[in-house]
Amino acid sequence: MSTTRVTAVRVERRRDGAFAETPTPRLSWTVASDGPGWRQSAAEVRLDGTEVARLDTAESVFVDWPYPPLVPHARHTLEVRVTGDDGGTSPWSEPVTLRSVFLADGEWQAAFVALAQPEGEACPGLVRTEIDVDKEVASATLYASAQGVYQVAINGRDVDDAVLKPGWTSYQYRIEHEATDVTGLLTTGRNAVGIRFAGGWFTEEYGFHGSARRVYGDQPAVAAQLHIAYTDGTSDVVVTGSHWRGAAAGPVVSSGIYAGERIDARRAVSGWSAPGFDDSAWPAVAVRDADVVPEPATAEPVRRTEELVVQEVITTPSGKTVLDFGQNLVGWLRVRVAGPEGQVITVRHAEVLEHGELGVRPLRHARATDELVLSGGEDVFEPEFTFHGFRYAELEGWPGEFDSELDAASVTAVVVGSDMRRSGWFESSEPLLNRLHENVVWGMRGNFLSIPTDCPQRDERLGWTGDIQVFSPTASTLFDSDAFLSAWLKDVAAEQAASDGVCGFVVPQVLPDGDRAAAAWGDAATVVPTVLFERFGDRRALAEQYPSMRAWVDKVVELAGEGLLWQGMFQFGDWLDPDSPPDNPGQAKVDKEIVATAHLVRSARLVARAARELGHAEDASRYADIAERTRQAWLHEYVTPAGMIVSDAQTAYAMAIAYELVDADARTVMGERLAELVRRADFHIGTGFVGTPIIADALTTTGHADVAGRLLLQTEVPSWLYAVTMGATTVWERWDSMLPDGSINPGQMTSFNHYAFGAVTDWMYRRLAGLAPDAAGYRRLRIAPVPIAGLDRAWARHETPYGMAESGWTATDGEIRVRAVVPANTTATVELPGAEPVEVGSGAHEWTIADPRPAEEHTLARV
Ligand code: RAM
């Protein structure tokens, strides 16, 4: 007798609560069953303990809403039970409480309000009002947003644990509101609602080389709408408006994303968000016209996700006190300190030390400095509206001598980031490789902060499209990033609509010349939605982004003109090829135009595939035709009849193979050539942003896994593991952000936390450990591990939308043992070296095969 249970019920994409952002949210559930090969034949959903909907479906991920559309402010309980092919039915799942978080059309009434008397530009402040609650509250929901960053407190208590709300969107077109259950914060009688805020991304100055300028506005503003439902069936709505009062008050004196924050504890305003506070000296707020109506946030908010203690207190050669947290992270310090009133502690942040001192040159114009002004009593400081990318923090002005035990214990690094659920784990017999994986995870945690950024530390931190284009498969493996990335894609679409289809360099678009088309960057518009469909089975993301995907390809076709060769225009190309000079990162071995047209083929194919999936038959053949004609043009222009590419570079062959630009024969020839180029480079990496994510795949699929393995395990510069041997705890922007002698790369663009080169991680899961999706959302898995020399073991675990999956291998005495776990309601195609493919159902499986690696290679020492 098998036991089957529904282990999780999910509403739409988020996993940190059951939020209905639309009237018809999709439902998903996972099933655990000890019955091997378990498949669902039907499911039932129960609403509020009574209304049962019978679903005649084998699908358990993103199932259509089976009830009439939800209304705003609704709360329901949901339970699910499933029936298997074997006829057995599970018990009902644990109930989840679903809340509608959207408002009806026209229901948003709150005005954006700003300080009437700001002190200087981008002025932080406080606004407040009081309300009377004289009936019993059944439920209360706060809808709030900001042109800036904010937190709401009701009766002195913060409404939630999110930070940097509402995050960064393309504010001109789209801004998000929260929808927080605040039932427990209201009391009968007088209540106060207070909002503290700063400018954040809204007032930040964007741009390089000292030419940064404001894009959105000079002053922040906030908006809030509180819905209170009473037990007698009546309700009240409280909104921000001209009757609120506000002041440039509170401890935050100034704040900027790049600059950091000045916090003066003497300015703390006691009781300002509690009832009874005398705000008569505060002027009425200024009401701001805002033409964008906030929409519900659909991704996990930014939260504090971890705290780290000081690892070492360093006195630098120049006598400064520097704290080392042992990990490059994104967040800020929490400091508990007592000292003379008015004393200022200055905290400077950096990712690395150079010559023993804080290495701040890579921060460029970002001050990344917090100033803490002491009250005279005991203070606890924690910046709220900024963030820093750092491992080291330098303290100046500490009252008295800094005690490396006592004082260090009162300083904590607080890690912040978008609070997605972890979904990928990898381990091997090689500690350096494991650390590389860890570094990729940390890099993602820091750079998935409201939007996917290039880096978290310097005067940049922008949504560079090329970076996420290459990293999105890895991102979707490591964390459940469906909600996060699909939210960002809405901005991609909004920006495109405003710039004639161009998906620009960065989204949100804030750079003076950023709304131009560049290959591999703008292709984020086609690649990221494809990844969300492949990895999460998110067909809605594909459907919603389809116009954006098409617009991008249409635009590039127009730029390429008649001949379908994209030439003569600006391109980044294979950015940061290790052979490019420090001051010219675009000067790669592969010609930029070869990269450009190859990407047109790839994106046109992705549009054709999406069209087919979505049932747009005419588009499907139209874009397939564009792809084929472009491919022919590319071959004709750049490939010799014998199969040499005119740029004889690793990235060129990797693209030809991975993007399927050539037929089977040419592919074999190019695989040979690629392997030869890697051998000639003595197994050092020779690729930049474009080639790095695909080179290991290109080698593996053409029968050169051994070469991919040597590339992966290389430790000399340039290589993936070089940075690890240099003590890196995140992935670097450049292969040699730090030079072997410990000095920082002289290029003015040198970050120690850039995820792009970490994109090889996806290959480590899919090929090295052998855990890959074979149908959308991992409905079918492909278990096809590729043992490489130099490792005895590689193992991956991934929480797919259907549940936890596993694949890995261990080598002993000439044999390889492969173990895989296939989630319930999925199947797997298993392809093991030297064996015919087989299909298996859910459950744990094990196979033993002869070690396919040539004997002398098994023990190959690290190269
Ligand atoms: C740098 C960014 C980013 C890259 C662009 C082209 O400024 O950090 O990684 O996409 O250049």
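All figures in this text were calculated on a predicted structure; none of them were measured in a lab.

### Regarding the overall build of the protein chain
Moving on, step 1. Per the secondary structure count, the protein chain includes 15 helices and 45 strands.
Moving on, step 2. Taken along the three principal axes of its C-alpha coordinates, the protein chain extends 85 × 70 × 60 Å.
Moving on, step 3. For the protein chain, buried positions account for 63% of its 863 residues.
Moving on, step 4. For the protein chain, the proportion of contacts with a sequence separation of at least 24, taken over those separated by at least 6, is 73%.
Moving on, step 5. Carbon and sulfur atoms make up 48% of the accessible area of the protein chain, which totals about 30,500 Å².
Moving on, step 6. Across the protein chain, the 75 positively charged side chains and the 122 negatively charged ones have centroids separated by 2 Å.

### Some words on the packing of helix α2 (residues 431-447) against helix α3 (residues 465-478)
Moving on, step 1. Look at α2 against α3: their axes get within 11 Å of each other, and the N-to-C directions meet at 95 degrees. Accordingly, the angle class assigned to the pair α2 and α3 is roughly perpendicular. Contacts between α2 and α3 involve His437, Val440, Val441 and Met444 from the first element and Phe471, Thr474, Ala475 and Leu478 from the second.
Moving on, step 2. Here the residues of the contact of α2 with α3 sort into 6 nonpolar, 2 polar and no charged.

### Details of the site of the ligand
Moving on, step 1. As a structural note, the neighbourhood of the ligand is formed by Asp454, Arg458, Glu460, Trp464, Asp467, Trp521, Phe572, Trp575, Phe689, Glu733, Met749 and His754.
Moving on, step 2. The separation between an oxygen atom of the ligand and a polar side-chain atom of Trp575 is 3.4 Å.
Moving on, step 3. Between the ligand and His754, the relevant distance is 2.8 Å, taken from an oxygen atom to a side-chain nitrogen or oxygen of the residue.
Moving on, step 4. For the shell around the ligand, the residue count by class is 6 nonpolar, 1 polar and 5 charged.

### A few points about the sheet that holds strand β2 (residues 18-20)
Moving on, step 1. Read from one edge to the other, the open sheet built from 5 strands follows the order β2-β7-β6-β4-β5, with strand pairing classed as mixed. Taken across any chain shown, the strands that pair with only one partner, and hence form the sheet edges, are β2 and β5 (51-55). Averaged over all adjacent pairs, the angle separating strand axes in this sheet is 30 degrees, with direction ignored.
Moving on, step 2. The sheet contact formed by strand β4 (residues 40-47) and β5 spans 5 bridges and is antiparallel. Bridging from a neighbouring strand, Glu44 pairs with Arg54 of β5.

### Quick notes on the nonpolar core
Moving on, step 1. With 181 residues, the main nonpolar core has Trp201, Leu433, Phe448, Trp634 and Leu768 as its most contacted residues.
Moving on, step 2. Ranked by the residues each element gives to this core, the list is headed by helix α7 (residues 592-614), at 11 residues.
Moving on, step 3. Core analysis: the next-biggest nonpolar cluster, separate from the first, contains 29 residues, Leu115, Val127, Ile195 and Val285 among them.

### Some words on the domain arrangement of the protein chain
Moving on, step 1. Looking at the protein chain, the domain boundaries give domain 1 (4-100), domain 2 (112-296), domain 3 (304-418), domain 4 (424-768) and domain 5 (780-857).
Moving on, step 2. Of note, the centres of domain 1 and domain 3, computed from C-alpha atoms alone, are 46 Å apart.

### Considering the pairing of strand β35 (residues 424-428)
Moving on, step 1. Of the two faces of β35, only the one carrying Gly424, Phe426 and Ser428 is buried; Trp425 and Glu427 on the other face are not.
Moving on, step 2. Note: β35 against strand β40 (residues 793-800), 5 bridges, orientation antiparallel. Across the sheet, residue Ser428 finds its bridge partner in β40, namely Ala794.

### Describing the packing of aromatic side chains
Moving on, step 1. Counted under the stated rule, the structure contains 32 aromatic pairs.
Moving on, step 2. Pairing Tyr171 with Tyr216 gives two aromatic rings, centres 4.8 Å apart and planes at 80 degrees, and the pair type is edge-to-face. Residue Tyr171 is located in the loop between β13 (162-163) and β14 (176-181), and its partner Tyr216 is located in the loop between β17 (213-214) and β18 (221-230); the two are separated by 45 residues in the primary sequence.
Moving on, step 3. Looking at Tyr171, the relative accessible area reads 5%, which means it is buried.
Moving on, step 4. Across from the ring centre of Phe570, 5.0 Å away, lies the NZ or CZ of Arg516, which sits over that ring.
Moving on, step 5. Stacked on the ring of Phe683, the Lys or Arg Arg710 has its end atom at 4.0 Å from the ring centre.

### So, the UniProt feature "domain: Alpha-L-rhamnosidase six-hairpin glycosidase" (unreviewed entry) in the protein chain
Moving on, step 1. Under the present numbering, the feature "domain: Alpha-L-rhamnosidase six-hairpin glycosidase" (unreviewed entry) in UniProt falls on residues 422-767.
Moving on, step 2. With 53% helix and 3% strand, residues 422-767 has end C-alpha atoms that lie 20 Å from one another.

### Re the pairing of strand β19 (residues 235-239)
Moving on, step 1. Pairing of β18 with β19, which is carried by 5 bridges, proceeds in the antiparallel orientation. Pairing of Ile228 across the sheet is with Asp236, part of β19.
Moving on, step 2. Two successive antiparallel strands, β18 and β19, enclose a turn made up of 4 residues, where Gly233 displays a positive phi of approximately 95 degrees.

### Thoughts on helix α6 (residues 539-560)
An α-helical turn contains 3.6 residues, so a residue and the one three or four places further along point in the same direction.
Moving on, step 1. Helix length check: α6 (22 residues) gives 30 Å between terminal C-alpha atoms against 32 Å at 1.5 Å per residue, within 8%.
Moving on, step 2. A bend of about 50 degrees at Gln545 is the largest found in α6, and the proline Pro547 appears one to four places after it.
Moving on, step 3. Buried residues belonging to α6 abut α4 (482-498), α5 (524-536), α7 and α8 (617-638).
Moving on, step 4. Positive backbone phi, at 75 degrees, marks Gly561, one or two positions downstream of α6.

### Side note on the side chain of Thr298
Moving on, step 1. Looking at the element boundaries, Thr298 is found in the loop between β24 (295-296) and β25 (302-309).
Moving on, step 2. Polar side-chain contacts of Thr298 include one of 3.3 Å to the side chain of Lys490.
Moving on, step 3. Not counting residues within four places of it along the chain, the set of residues in contact with Thr298 comprises Arg14, Glu21, Glu176, Ala483, Ala487 and Lys490.

### Section: the sheet that holds strand β41 (residues 803-812)
Moving on, step 1. Pairing is antiparallel across the open sheet formed by 5 strands, whose spatial order is β35-β40-β41-β42-β45. If you trace the sheet from one side to the other, it starts and ends with β35 and β45 (843-850), each paired once. On average, each strand axis in the sheet is inclined to that of its neighbour by 10 degrees, with strand direction left out of account.
Moving on, step 2. Against the sheet, helix α14 (residues 761-768) makes contact with β35, β40 and β41, and its axis sits at roughly 75 degrees relative to β35, the strand it touches most.

### Let's talk about the UniProt feature "domain: Alpha-L-rhamnosidase C-terminal" (unreviewed entry) in the protein chain
Moving on, step 1. Listed under "domain: Alpha-L-rhamnosidase C-terminal" (unreviewed entry) in the UniProt record, and renumbered for this structure, are residues 770-841.
Moving on, step 2. Secondary structure across residues 770-841 comprises 0% helix and 56% strand; the distance between its end C-alpha atoms is 16 Å.

Reading the values: rules and limits
- Residues numbered from 1 in each chain as written.
- Predicted model: local features only at pLDDT ≥ 70, side-chain atom pairs only at ≥ 80, totals over all residues.
- Heavy atoms only, no water.
- Helix = DSSP H or I, 4+ residues; strand = E, 2+ residues; numbered from the N terminus.
- Buried < 20%, exposed > 50% of the residue type's maximum accessible area, 1.4 Å probe, protein only.
- Contact = heavy atoms within 4.5 Å.
- Areas by Shrake-Rupley, 256 points an atom, 1.4 Å probe, with all protein chains shown as cover.
- Lys, Arg positive; Asp, Glu negative; His and termini not counted.
- Charge placed at Lys NZ, Arg CZ, Asp CG, Glu CD.
- Axes fitted to C-alpha atoms, helices over the stretch in contact; angles between N-to-C directions.
- Parallel < 35°, antiparallel > 145°, perpendicular 65-115°, else oblique.
- Nonpolar A, V, L, I, M, F, W, Y, C, P; charged D, E, K, R; others polar.
- Near = heavy atom within 4 Å.
- Polar contact = N/O pair within 3.5 Å; in protein donor to acceptor, adjacent residues only side chain to side chain.
- Pairing = 2+ DSSP bridges.
- Core = buried A, V, L, I, M, F, W, Y, C linked by side-chain atoms within 4.5 Å.
- Domains from an automatic or database assignment.
- Phe/Tyr/Trp six-rings, centres within 6.5 Å; stacked < 30°, edge-to-face > 60°.
- Lys NZ or Arg CZ within 6 Å of the ring centre and 35° of its normal.
- UniProt positions renumbered as here; feature names shortened; annotations may be inferred.
- Expected span 1.5 Å × (residues − 1).
- Bend = angle between axes of the 7 residues up to and from the residue.

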